[in-house]
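Next come the chains, spelled out residue by residue.
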Amino acid sequence: MPSSPSTPLPLIACFHCDLLQSMPALAENTRAVCPRCGSVLYADKGATIQRTLALYIASLALFILANAFPFLTLSMQGLSQSGHLISSPIALWQRGMPEVAAVVAFFVIIAPAVRILSALSVLAPLAVGVRPPWLAPAMHLMHAMKEWAMPEVFVLGVLVSYVKLAGLATAHFDVSFYAFVAMTVTLTWAQAAFEPHVVWDRLMPMPPRPAPGPGQRGRLISCHACGLVGEADAGHGRCRRCGAALHRRKPDSLNRAAALVAAAAVFYIPANALPVMNIVFLGSGEADTILSGVITLIEYGDWPLALLIFFASVTVPLAKLVCLVFLIISVKRHSRYRPRQRTQLFRFVEGVGRWSMIDVFVVGLLVSLVQFGTLSTIEPKGGAIFFCAVVVVTIFAAMAFDPRLIWDAAGENHD
Ligand SMILES: [Zn+2]
Ligand SMILES: [Zn+2]
């Protein structure tokens, strides 16, 4: 929409590089991209509230179905064992792994549930024209769950388990599995169709403000939760739209990210060296590390699956650690080297880490299903705890790193 320079527009600061820019209204189904780092700033997604509400209602119905019935049934020589969605955290808990059980339950059941319920609590009132008093905290909760809800990774874990079990027993999917897959689709779709700026504008529209003159940029601060740009000193440290704590940059970003990377690097060694599970078949046990699991898959000729597990479990965590070390060092050294590409690298690191959870989900599923007494059992082993820790700690490390520091250090953020 054309506007003369005299009519001020709302201002928005890019979340990834902090470039301040004006925010013209968009045509339907278009998006505004930061010209400096390439991040999406905001988008017009049509009737975002009605569409995402419908998708979250469908997700809730499918979530209830997915939890109510058996998920996967395994048969072996006349014996059969059914697992519900909750069975795998329960089995991990019973076998002395409460930490892994809690993480699996949180990523697969609790975080998706909280995301669906917080979204519904905001979108349902807004759709009928009521602004709920809990809009801001519910939006914060919904945003926080985005990183932790991993239904799509779990579905892949189920498929990997299915292939691994094929040699051992007959497995078949039950109704809850199909409901869970459908919920994964509706949730992913809802996430893609959602435009948070539309909801935040219902709380308080972004006020138009003239672009700051020379030397005035430093007085403005952008809320990292809702995107409102305001005077740094006027908010008493809190965003006046959503109440979130205001920080120019994530506090102590580099030190926290470096400490978490170091911890994850330490955990990475036992995660790969120790067995993650013990497969007992007719009395003889065989301990499986991540790598030996990959080799077994290759021996059975499952090359695509072997590559998938190798990539997700061995390569991704290592690549993530190497990339974060590179980003931290480059900022510390005030590097001016390709800030746009380094920001893209950070977005990749942020997005890819969750896929490393596949093997932890596989261990949980196999442990809950393969319990056939003297015939065959699968027990979780210590490597799984370290592996789970690597995934969780690297996600926290990526969260701690503030990509805007790349641009600060390159000298690009002086007014
Ligand atoms: Zn940017
Ligand atoms: Zn805010």
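To start, this report covers the structure provided alongside it. (Residues numbered from 1 in each chain as written. Chains lettered and ligands numbered in written order. Predicted model: local features only at pLDDT ≥ 70, side-chain atom pairs only at ≥ 80, totals over all residues. Heavy atoms only, no water.)

### Here we look at helix H1 (residues 48-68)
One turn of the α-helix equals 3.6 residues, which is why residues spaced by three or four share an orientation. Here H1 contains 21 residues, and its C-alpha end-to-end distance of 30 Å stays within 8% of the 30 Å for a straight helix at 1.5 Å per residue. Buried residues along H1 sit against helix H3 (98-127), helix H4 (135-146), helix H6 (175-193) and helix H7 (196-203). (Helix = DSSP H or I, 4+ residues; strand = E, 2+ residues; numbered from the N terminus. Expected span 1.5 Å × (residues − 1). Contact = heavy atoms within 4.5 Å.)

### Notes on the coordination of the zinc ion (ligand 2)
Metal coordination angles in their ideal form are 109.5 degrees for the four-donor tetrahedron and 90 or 180 degrees for the six-donor octahedron. Around the zinc ion (ligand 2), the protein supplies Cys223 (SG), Cys226 (SG), Cys239 (SG) and Cys242 (SG) as donor atoms, at distances of 2.3 to 2.4 Å. Around the zinc ion (ligand 2), the four donor atoms sit at angles spanning 102 to 114°, and that spread fits a shape best called tetrahedral. Taken in chain order, the donor set of the zinc ion (ligand 2) reads C-x2-C-x12-C-x2-C. Here Cys223, found in the loop between strand E8 (220-222) and strand E9 (229-231), pairs with Cys242, found in the loop between E9 and helix H8 (253-273); they are 19 residues apart in sequence, far enough to count as distant. Exposure class is identical for Cys223 and Cys242. Each is buried. (Donors = N, O, S within 2.8 Å, 3.2 Å for Na, K, Ca; no water. Tetrahedral: all angles 85-135°; square planar, octahedral: opposite > 155°, others 65-115°. Buried < 20%, exposed > 50% of the residue type's maximum accessible area, 1.4 Å probe, protein only.)

### Concerning the coordination of the zinc ion (ligand 1)
Donor atoms from the polypeptide that coordinate the zinc ion (ligand 1) comprise Cys14 (SG), Cys17 (SG), Cys34 (SG) and Cys37 (SG), at 2.3 to 2.4 Å from the metal. Relative to the metal, the four donor atoms surrounding the zinc ion (ligand 1) lie at angles of 99 to 116°, and the coordination shape comes out tetrahedral. Each donor residue of the zinc ion (ligand 1) belongs to the same chain, with the gaps between them written as C-x2-C-x16-C-x2-C. Within this pair, whereas Cys14 is found in the loop between strand E1 (11-13) and strand E2 (20-22), its partner Cys37 is found in the loop between strand E3 (30-33) and strand E4 (40-44), the two being separated by 23 residues in sequence. Of the two residues, Cys14 and Cys37, neither departs from the other in class, the shared state being buried.

### What about the packing of H1 against H6?
The geometry of H1 relative to H6 is characterised by a closest axis approach of 8 Å and an angle of 160° between their N-to-C directions. In terms of orientation, H1 and H6 fall into the roughly antiparallel class. Remark: the crossing between H1 and H6 carries left-handed chirality. Of the residues that constitute the contact of H1 with H6, the class distribution is 16 nonpolar, seven polar and one charged. (Axes fitted to C-alpha atoms, helices over the stretch in contact; angles between N-to-C directions. Parallel < 35°, antiparallel > 145°, perpendicular 65-115°, else oblique. Left-handed = near helix turned anticlockwise from the far one by under 90°. Nonpolar A, V, L, I, M, F, W, Y, C, P; charged D, E, K, R; others polar.)

### A closer look at the pattern of salt bridges
In total, this model carries eight salt bridges according to the counting rule given. Between Asp18 and Arg249 there is a salt bridge, with the nearest N and O atoms lying 3.1 Å from each other. Taken together, the residues span a long stretch of sequence, with Asp18 in the loop between E1 and E2 and Arg249 in the loop between E9 and H8 at a distance of 231 residues. Here Asp18 matches Arg249 in class, with each residue buried. A network of salt bridges, in which partner residues are shared, links Asp18, Arg249 and Asp408. (Salt bridge = Lys/Arg side-chain N within 4 Å of Asp/Glu carboxyl O.)

### Overview of unusual backbone geometry
Peptide bonds are trans in most cases, and residues, glycine excluded, mostly fall at negative phi. At Asp18, a residue that is not glycine, the phi angle is positive and equals roughly 70°. Of note in this structure, Asp252 is not a glycine but carries a positive phi near 50°. The topology assignment puts Asp252 in the loop between E9 and H8.

### Let's talk about the nonpolar core
Counting residues in each nonpolar core, the largest one holds 130 residues, and the members touching the most others are Met357 and Phe401. Among the elements that line this core, the one with the most residues is H3, at 15 residues. Setting aside residues no more than four positions away along its own chain, Phe401 makes contact with Lys250, Ser253, Leu254, Ala257, Leu324, Leu327, Ile328, Val331, Phe346 and Ile406. Core analysis: the second largest hydrophobic core is formed by five residues, Leu11, Ala13, Leu220 and Val229 among them. (Core = buried A, V, L, I, M, F, W, Y, C linked by side-chain atoms within 4.5 Å.)

### Here we look at the pairing of strand E7 (residues 170-173)
Here E7 shows a buried face lined by Ala171 and Phe173 and an unburied face lined by Thr170 and His172. Relative to E7, strand E5 (residues 72-76) is paired through four bridges, and the arrangement is antiparallel. Counterpart to Ser75 in the pairing with E7 is Thr170. (Pairing = 2+ DSSP bridges.)

### Overview of the packing of aromatic side chains
Note on aromatic pairs: each is described by the distance of the centres and the angle between the planes. Tallying each qualifying case throughout the model produces 14 aromatic pairs. The interplanar angle of 75° and the centroid separation of 6.0 Å between the aromatic rings of Phe71 and Phe180 together place this pair among those described as edge-to-face. With Phe71 in the loop between H1 and E5 and Phe180 in helix H6, this residue pair connects regions lying 109 residues apart in the sequence. Residue Phe180 is classed as buried on the basis of its relative accessible area, which comes to 0%. With a centroid separation of 6.2 Å and an interplanar angle of 50°, the aromatic rings of Phe106 and Phe107 are classed as tilted. You can call Phe107 buried: its relative accessible area is 3%. Among the aromatic side chains, those forming a connected cluster through ring pairs are Phe71, Phe154, Tyr162, Phe173, Phe177, Tyr178, Phe180 and Phe361. (Phe/Tyr/Trp six-rings, centres within 6.5 Å; stacked < 30°, edge-to-face > 60°.)

### Points about the packing of H8 against helix H10 (residues 303-332)
At a minimum axis distance of 10 Å, the contact between H8 and H10 shows a crossing angle of 155°. On the basis of the axis angle, H8 is roughly antiparallel to H10. Relative to H10, the crossing made by H8 is left-handed. Seen from H8, the contacting residues are Leu254, Asn255, Ala257, Ala258, Val261, Ala264, Ala265, Tyr268 and Asn272; seen from H10, they are Val314, Pro317, Leu318, Leu321, Leu324, Val325, Ile328, Val331 and Lys332.

### Details of the sheet that holds strand E6 (residues 79-83)
Strands sit in the order E6-E5-E7 across an open sheet of three strands; the sheet is antiparallel. Either end of the sheet is taken by a strand with one partner, and the two such strands are E6 and E7. Across the sheet, the mean angle from the axis of one strand to that of its neighbour is 15°, orientation sign disregarded. Contacts between helix H12 (residues 358-369) and the sheet are confined to E5 and E6, with E6 contributing the most and set at about 135° to the helix.

### Some words on the pairing of E3
As defined by bridge partners, E3 adjoins E4 across four bridges and the pair is classed as antiparallel. Note on E4: the bridge partner recorded for Val33 is Val40. Linking E3 back to E4 in an antiparallel pair, the connection comprises six residues, with Gly38 at a positive phi of about 85°.

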